[in-house]
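Spelled out from the first residue to the last, the chains are:
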Amino acid sequence: NASEAQALLAMQLLLRDIEPGVLAAHVAPLQQRLQALIGEGGYDAAAVLERVRLVPLGKRRAASQFFETVASALLSRKRLRVEHHNRHTDERHARELSPLRLTYYRDNWYLDAWCHLREDLRSFSVDAMSSAEVLDARARDVGEEDIRTRFDSGYGIFSHPTARRQWAQLKFSAYRARWAATEQWHPEQRVTWLASGELLLEVPYHDERELVGDVLRQGAECEVVGPATLRAAVVGEMQSALASYRSA
């Protein structure tokens, strides 16, 4: 029906903007059919597109040929040879990977894979790849439960092979709690309303880097109650930022 056609047209817009050019040729006939269905329902297809807006934040453009190569290897269960830039260490490494899963996270693509260089599970930014080649060798299979345990059990995109899973306790002000109460920071999060009207949000994490950044974005409206190591990391970042402003 017309309402379903509108929803699908909005989905097509989302697909187009997530990775321009990759699906355009395949989706075009579907889009034409959807536009005809919307016209039959008395709606203007062009107006529908004008009223749906996607605002990417912090999106890093990946070369489309690398995205297509990665996706092809993933679906055909073949190994990949890539050159990848580790921005954290500013090093480049050639790696052989068994692709397991593509993740679209915060407007960027990541490949979860078995790294044959490290003999362990790793996650790689597709936009940090400077080359990608599909190999003839069959990709190594890893159990879905092992993948979820490694990549999905903690906060954010970062994972750590040996870090113990901890629970962050974040206390939001009564004002900020109006929004935080309906936000999902992690599927396993725990929410407790306090008598003061404040909200205590508990989320699991392995690697504190991304969590620290997201807490800092809350400003004075969010306080890390525990663990002490996470609280110290946030305080340290605040002090470093303040020192930069004082020296300016």
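Residues numbered from 1 in each chain as written. Predicted model: local features only at pLDDT ≥ 70, side-chain atom pairs only at ≥ 80, totals over all residues. Heavy atoms only, no water.

K.L.:
How should I be thinking about the overall build of the protein in this particular structure?
P.N.:
The helix and strand tally for the protein stands at eight helices and nine strands. Per-residue burial over the protein gives 38% buried out of 248 residues. Counting contacts in the protein only where the partners sit at least 6 residues apart, residues at least 24 apart contribute 61% of the total. On the protein, roughly 14400 Å² of surface is accessible, and the fraction owed to carbon and sulfur atoms is 52%. (Helix = DSSP H or I, 4+ residues; strand = E, 2+ residues; numbered from the N terminus. Buried < 20%, exposed > 50% of the residue type's maximum accessible area, 1.4 Å probe, protein only. Contact = heavy atoms within 4.5 Å. Areas by Shrake-Rupley, 256 points an atom, 1.4 Å probe, with all protein chains shown as cover.)

K.L.:
Where do I start with the environment of Glu237 in this structure?
P.N.:
Residue position: Glu237 is located in helix H8 (residues 228-247). By relative accessible area, Glu237 is classed as partly exposed at 44%. Along the backbone, Glu237 and Leu216 are 21 residues apart, and their C-alpha atoms lie at a distance of 8.4 Å. Ignoring sequence-local partners within four residues, the contact set of Glu237 consists of Val212 and Leu216.

K.L.:
Please explain the pattern of salt bridges as it appears in this structure.
P.N.:
It is possible for side chains bearing opposite charge to pair when their charged atoms get close. Considering all chains together, one arrives at 20 salt bridges under this definition. With a shortest N-O distance of 3.4 Å, Glu133 and Arg81 are connected by a salt bridge. On the criterion of sequence distance, the pair formed by Glu133 in strand S5 (residues 129-138) and Arg81 in strand S1 (residues 78-86) is long-range, its members being 52 residues apart. Residue classification places Arg81 among the partly exposed positions, given a relative accessible area of 40%. (Salt bridge = Lys/Arg side-chain N within 4 Å of Asp/Glu carboxyl O.)

K.L.:
What am I meant to see in the sheet that holds strand S4 (residues 120-125) here?
P.N.:
Either a parallel or an antiparallel arrangement is found when strands of a sheet pair, and the pairing is made through backbone hydrogen bonds. One open sheet accounts for five strands, arranged S4-S3-S2-S1-S5; its pairing is antiparallel. Two strands close off the open sheet at either side, each with one partner strand: S4 and S5. Along the sheet, successive strands turn relative to each other by an average axial angle of 45°, direction set aside. In this structure, S1 lies alongside S5, joined through six bridges in antiparallel fashion. The residue bridging Glu83 from the neighbouring strand is Ser131, located in S5. Sheet strands touched by helix H5 (residues 144-151): strand S2 (91-105), strand S3 (108-115) and S4. Its angle to S4, the strand with the most contacts, is close to 60°. (Pairing = 2+ DSSP bridges. Axes fitted to C-alpha atoms, helices over the stretch in contact; angles between N-to-C directions.)

K.L.:
Teacher, can you tell me more about unusual backbone geometry here?
P.N.:
Negative phi values dominate among residues other than glycine, just as trans dominates among peptide bonds. Along the chain, Gly226 connects to Pro227 via a cis peptide bond; the corresponding omega equals -5°. Checked against the element boundaries, Pro227 lands in the loop between strand S9 (222-226) and H8. Notably, Asp90 is not glycine yet its phi reads approximately 60°, a positive angle. Asp90 sits in the exposed class, given a relative accessible area of 59%.

K.L.:
Quick question: what am I supposed to make of H8 here?
P.N.:
It helps to recall that an α-helix has 3.6 residues per turn; residues three or four apart then point in one direction. Look at H8: 28 Å from first C-alpha to last across 20 residues, which is about the 28 Å you get at 1.5 Å a residue. Among the residues making up H8, those that are buried are Leu230, Ala233 and Val234. Projected down its long axis, H8 carries its buried residues within an arc of 95°, all on one side. Pointing more than 90 degrees away from the buried face of H8 are the exposed residues Ala228, Gln239, Arg246 and Ser247. Lining the buried residues of H8 we find strand S6 (166-172), strand S8 (199-205), helix H7 (209-216) and S9. (Expected span 1.5 Å × (residues − 1). Arc of directions from axis to C-beta.)

K.L.:
Teacher, can you tell me more about the packing of aromatic side chains here?
P.N.:
Between two aromatic rings, the relevant description is the distance of the centres plus the angle of the planes. Counting across every chain of the model gives six aromatic pairs. Seen in terms of ring centroids, Phe67 and Trp109 are 4.9 Å apart; in terms of plane orientation they differ by 55°. Their pairing is tilted. Here the residue Phe67 occupies a position in helix H4 (residues 64-76), and Trp109 occupies one in strand S3, the gap between them amounting to 42 residues. Here Phe67 falls in the buried class, since its relative accessible area comes to 7%. Since its relative accessible area comes to 17%, Trp109 is described here as buried. On the basis of an interplanar angle of 55° and a centroid distance of 4.8 Å, the ring pair of Tyr104 and Trp109 is categorised as tilted. Taking relative accessible area as the criterion, Tyr104 reaches 29% and is therefore assigned partly exposed. It is Arg140 that lies over the ring of Trp114; its NZ or CZ is 3.8 Å from the centre. Positioned above the aromatic ring of Trp167 is the side chain of Arg190, whose terminal nitrogen or guanidinium carbon lies 3.8 Å from the ring centre. (Phe/Tyr/Trp six-rings, centres within 6.5 Å; stacked < 30°, edge-to-face > 60°. Lys NZ or Arg CZ within 6 Å of the ring centre and 35° of its normal.)

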